[in-house]
Structure formats: C-alpha cells, structure tokens
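So you can see what is in the structure, the chains are spelled out below.
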Amino acid sequence: MPRPNNASKCIYGRTFRSLIQEYLGVSKVVNKLLLPAYETKEGRAAYDSTLASLTENYPHYVKELEGTADGAQVPFHQLMLLHVNDAVFMAAGLDLGEIIDTPTGCSSLSINKEGQILLGHTEDALGELLNYVYIVSARIHDKPRGRQATLDENFTALCYAGHLPGFCMGYNHHGLTFSINVICPRKVLAAKTPRHFLCRALLSAKTIGGAHDILRDEGTGSAHGFSVNMVFMHQDGDYLFENVEIGPAENCNESPLSIVTLSLGEHLLHTNKYLRLTNITEEDGKCMESSNLRHARASQFPAPKNCHDLLELLSDTEDSTFPFFREGSEKDPAKTVALGVFDLVKKTWTIWMRNPRTADPLLEIPLLFTWST
C-alpha cells in the first residue's frame, strides 16, 4: 500500500535519527524476521490490510509514524513492521520458534496503600534493544481525525527507537499514568489494531471511561494481547487504580477486556500472562515460563507496602534463569532496559537503567498534571 503524501518530519524522528538508523541496522528481529516475512506474499498482505485499517481509524498516528520515518531518514515500512510484527510472521508461515520462544518480559507492580500510591515497572526486551530507548515529552495540536480524534495531547513516555510513544510506560497531563505488559496469545490478527497504536491512543485519554473505549476499539479490536496497569489521578487528589487485560479480537469487532479495580490496601503484580482472560489460548514458551516463575518468586515476599518493598521485588535476581531484573543469559536473552517507579503522592517518575540494588537512578522527573479539558 503506498504511503500518503506530505508526511511532516516528526521532531523525535530528527532528534533520534542516529539511534533509529543504528537500531534498524543491527536488529536481528528486523533483518532476519520482519523483513523476510514482509517479502512473502502472505506477509505483505497482512501488512497491507493492517495499514489500510490503521489509515482509516488512526490516520493521525500513521502520519506521526511517517513523520518519524521521514525525520530519521529511514523507510516507513520498516518502522510500521515494528508495530505490526507478529501478524506478519504468522501470515507468512515462517518458522516462528525464535519469536514465540523469545522470553518477552516486563513486570508491573501496583501498590494502593494509605500514603503510598505507586506503580513500578521493569521494561524488559531482547538485549538488542538495550540503550535503544529514549524519552519523548510532547505537546501536540492537530485536527481531529479517525476513531479516537483529539485536538490536543500532552504526554511524556519512554519509547523504543522508531516506535510510537506509549508502548512501555508513560503519563499524560490529564492525570493518567500507565505501564504495559506484553501477553502472547497463540493467534495474532492482521487487519486489526496493533497494541502499539492502542497504547499510543491511550496517551490521549482524558477519563477512565475514555481509556476503556480506546482499549475496546469498537469496530475493529486489538490484533494482540497485552495488559495495562493504570492510575488516574484527579485534581482533587482522588485516584483510581485499574488493571486491564486485552485480548485479540478474534471473530469479533472489539477487544475482549477484563478490568479489575484495586481498592485501598491492595496491590497487584502483573507479568506476561493472563490472570483473568484465561479463555484465550497463550503460547506455552518462555514467556509463560518466566511469568509463572516470577509470580512464584513474588509469593515468597511479604505483601509490598511502600517504595522500598516495590524495589526489593522488581530488582530481585534470586531466580538465576528468569529473575525480575534481567541481565541476559543463554536461556533468557531478555534484559531489563529500564526500571521505572511512578510515585503519585510525590508526583515523580524515577528511572533506573541498572539494578537499583547497586546503582542510583538515572533520572527523576516531575509528573506535571494540568488537568486541562
């Protein structure tokens, strides 16, 4: 499918040009899996049908990705492939063992205690993504377009090189803070909405109901499985904790959702498996194995009550194969590229790129909620 014309050069494409170019050049996922799958008739058809759906429903985010590609001076289809990913592999019928057995990571811990309103997250990925991340802080004014039309966005998010913001962790000025856990259902669907785009749209959410509508994606539905851990902080100091599990929209036109609210005094750990949407068949590989082991290890800790307890769990390396804070090994090539803690009482976001047990934070930035309408 041809690209629309006149894509503006996105400033973070220009800013991080060398990082994006370098990542596309060294990435085994891109060069040994994505591009070969794209070159097959079936893989290209899956790509084209997904892009057509996105161009209709989310044209402003397609344009944003085009601008990123133009700014970085890289082929647009290579960046789009990073977002469509598994749907192209599956349609191409290539040997998916290397991808399915990839120990996709990320652990999120929500704590809703008196005076302790915390969301912690380890951003885990293949080692090839280590140091290919950056933070985008953006204010966007645009004409309303597509399904989740918005006139104004103001957000800050951790991003992988060449990816749309929203897929890792971030927050917006309406008071929404969230982190993402990848889940690996056996079927990933073409012509549906990739999770990257739903997460990008989530950065525009003004209300909890609006966030649900984005994730439900009525009319199309999600291509992938994932989980969102979110806190909505209101101007009066009130807040709402939720975990939402999202399934692929197979044989339907909206994402299956399971929503749970954390009451005061509760906490929730989420890794890379469904805790409630258990009717969806998941891949039985390292993603599931590592999730089970992390949950088993967490059960050996006392119930977390504060930031110290949160960091003790998310920095744990007791399991030599699949620890919470991952350093990469022969069996587990995943690495923790960042560990972040959102403190909604202090209104700070603290980020480590090395284990907090042995290193100081890389940075701490304020959560600047403006609650504008």
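Definitions and cut-offs
- Residues numbered from 1 in each chain as written.
- Predicted model: local features only at pLDDT ≥ 70, side-chain atom pairs only at ≥ 80, totals over all residues.
- Heavy atoms only, no water.
- Helix = DSSP H or I, 4+ residues; strand = E, 2+ residues; numbered from the N terminus.
- Rg over C-alpha atoms; globule rule 2.2 N^0.38 Å.
- Buried < 20%, exposed > 50% of the residue type's maximum accessible area, 1.4 Å probe, protein only.
- Contact = heavy atoms within 4.5 Å.
- Pairing = 2+ DSSP bridges.
- Axes fitted to C-alpha atoms, helices over the stretch in contact; angles between N-to-C directions.
- Parallel < 35°, antiparallel > 145°, perpendicular 65-115°, else oblique.
- Left-handed = near helix turned anticlockwise from the far one by under 90°.
- Nonpolar A, V, L, I, M, F, W, Y, C, P; charged D, E, K, R; others polar.
- pLDDT = per-residue confidence, 0-100.
- Disulfide = S-S within 2.5 Å.
- Salt bridge = Lys/Arg side-chain N within 4 Å of Asp/Glu carboxyl O.
- Phe/Tyr/Trp six-rings, centres within 6.5 Å; stacked < 30°, edge-to-face > 60°.

**Re the overall build of the chain**
Stage number 1. What the chain contains, in helices and strands, is twelve helices and 13 strands.
Stage number 2. The C-alpha radius of gyration computed for the chain amounts to 19 Å, which stays within 12% of the reference 21 Å derived for 373 residues, consistent with globular compactness.
Stage number 3. Reported as C-alpha extents along the three principal axes, the dimensions of the chain are approximately 55 × 50 × 40 Å.
Stage number 4. Going through the 373 residues of the chain one by one, you find that 58% of them count as buried.
Stage number 5. Here the analysis covers contacts within the chain between residues at least 6 apart in sequence; of these, 69% occur between residues at least 24 apart.

**As for the sheet that holds strand β6 (residues 176-183)**
Strands belonging to one sheet form pairs held by backbone hydrogen bonds; the direction of such a pair is parallel or antiparallel.
Stage number 1. Reading across from one edge, β3-β4-β5-β6-β7-β8-β9 is the order of the seven strands in this open sheet, with antiparallel pairing throughout. Among the strands making up the open sheet, the edge pair consists of β3 (133-141) and β9 (257-262). Averaged over all neighbouring strand pairs, the angle between strand axes comes to 15°, with direction disregarded.
Stage number 2. The pairing of β3 with strand β4 (residues 152-160) spans nine bridges and is antiparallel. In the sheet register, V133 faces β4, and the bridge partner there is Y160.

**Some details on the environment of V133**
Stage number 1. Note that V133 resides in strand β3.
Stage number 2. The spacing of V133 and Y160 is 27 residues in sequence and 4.5 Å in space, taken between C-alpha atoms.
Stage number 3. Residue contacts for V133: discarding those within four places in its chain leaves L19, L158, C159, Y160, V337 and M353.

**Comments concerning the packing of helix α5 (residues 59-72) against helix α6 (residues 76-84)**
Stage number 1. As a packed pair, α5 and α6 sit with axes 9 Å apart at the nearest point and diverge in direction by 130°. The angle between the axes of α5 and α6 places the two elements in the oblique class. The way α5 lies across α6 gives a crossing that is right-handed. From α5, V62, L65, E66, T68 and A69 reach across to α6, where they touch F76, L79, M80 and H83.
Stage number 2. Class assignment for the residues of the contact of α5 with α6 results in six nonpolar, two polar and one charged.

**As for the confidence of the model for the chain**
Stage number 1. On average, the chain scores 91 in pLDDT, and the residues at 70 or more come to 92%.
Stage number 2. Low pLDDT (under 50) marks residues 1-8, which in the prediction has 15 contacts with non-local residues, meaning those over four places away or in another chain.

**Focus: the state of the cysteines**
Linking two cysteines covalently through their sulfur atoms gives a disulfide.
Stage number 1. Per the stated rule, a full pass over the model turns up zero disulfides.
Stage number 2. Distance from the sulfur of C168, which forms no disulfide, to the nearest cysteine sulfur (C159) is 6.7 Å.
Stage number 3. The closest cysteine sulfur to the non-disulfide-bonded C199 is located on C168, 9.1 Å from its own sulfur.
Stage number 4. Residue C199 is classed as buried on the basis of its relative accessible area of 0%.

**Details of the packing of helix α3 (residues 28-38) against α6**
When two helices pack together, you describe them by how their axes are tilted relative to each other and by the distance separating the axes.
Stage number 1. Where α3 meets α6, the closest approach of the two axes is 11 Å, and the angle between their N-to-C directions is 100°. Between α3 and α6, the interaxial angle falls into the category roughly perpendicular. Across the interface between the two elements, V30, L34, L35 and Y38 of α3 pack against H77, Q78, L81 and L82 of α6.
Stage number 2. Split into classes, the residues belonging to the contact of α3 with α6 amount to six nonpolar, two polar and no charged.

**Some points on the sheet that holds strand β10 (residues 266-270)**
Stage number 1. Strand order in the open sheet formed by six strands is β10-β1-β2-β11-β12-β13, and the pairing between neighbours is antiparallel. Both outer strands of the open sheet, β10 and β13 (363-366), are each paired with one neighbouring strand and no more. For this sheet, the mean angle separating the axes of adjacent strands, direction not counted, is 10°.
Stage number 2. Where strand β1 (residues 107-113) and strand β2 (residues 116-126) come together, seven bridges link them in antiparallel fashion. By the bridge assignment, S110 is partnered in β2 with L119.

**What to know about α6**
Stage number 1. In terms of residue burial, α6 counts as a mostly covered element, since eight of its nine residues are buried.
Stage number 2. In this structure, the buried residues of α6 make contact with α2 (17-26), α3, α4 (41-57), α5, α7 (86-92) and α9 (195-202).
Stage number 3. Positive phi appears at N85, one or two residues downstream of α6, with a value of about 30°.

**Brief notes about the pattern of salt bridges**
Stage number 1. One pass over the structure, following the stated rule, counts twelve salt bridges.
Stage number 2. Close ionic contact of E250 with K187 constitutes a salt bridge, the shortest N to O distance being 2.8 Å. Of this pair, E250 sits in the loop between β8 (239-246) and β9 while K187 sits in the loop between β6 and α9, and the two are 63 residues apart along the sequence.
Stage number 3. Using a relative accessible area of 35% as the deciding quantity, one classes E250 as partly exposed.
Stage number 4. For K187, a relative accessible area of 47% translates into the label partly exposed.
Stage number 5. One connected set of salt bridges, linked through shared partners, spans R297, E312, D316 and R357.

**Notes on the packing of aromatic side chains**
Stage number 1. In total, this model carries seven aromatic pairs according to the counting rule given.
Stage number 2. Where Y38 meets Y47, the ring centres are 5.0 Å apart and the plane angle is 80°; that geometry is what we call edge-to-face.
Stage number 3. Residue classification places Y38 among the buried positions, given a relative accessible area of 9%.
Stage number 4. We classify Y47 as buried; its relative accessible area is 2%.
Stage number 5. Summarising the aromatic geometry, the rings of Y171 and F369 are spaced 5.6 Å apart at their centres and angled 85° between planes, so their arrangement reads as edge-to-face. Residue Y171 is found in strand β5 (residues 169-172), and its partner F369 is found in the segment after β13; the two are separated by 198 residues along the sequence.
Stage number 6. For Y171, a relative accessible area of 5% gives the class buried.

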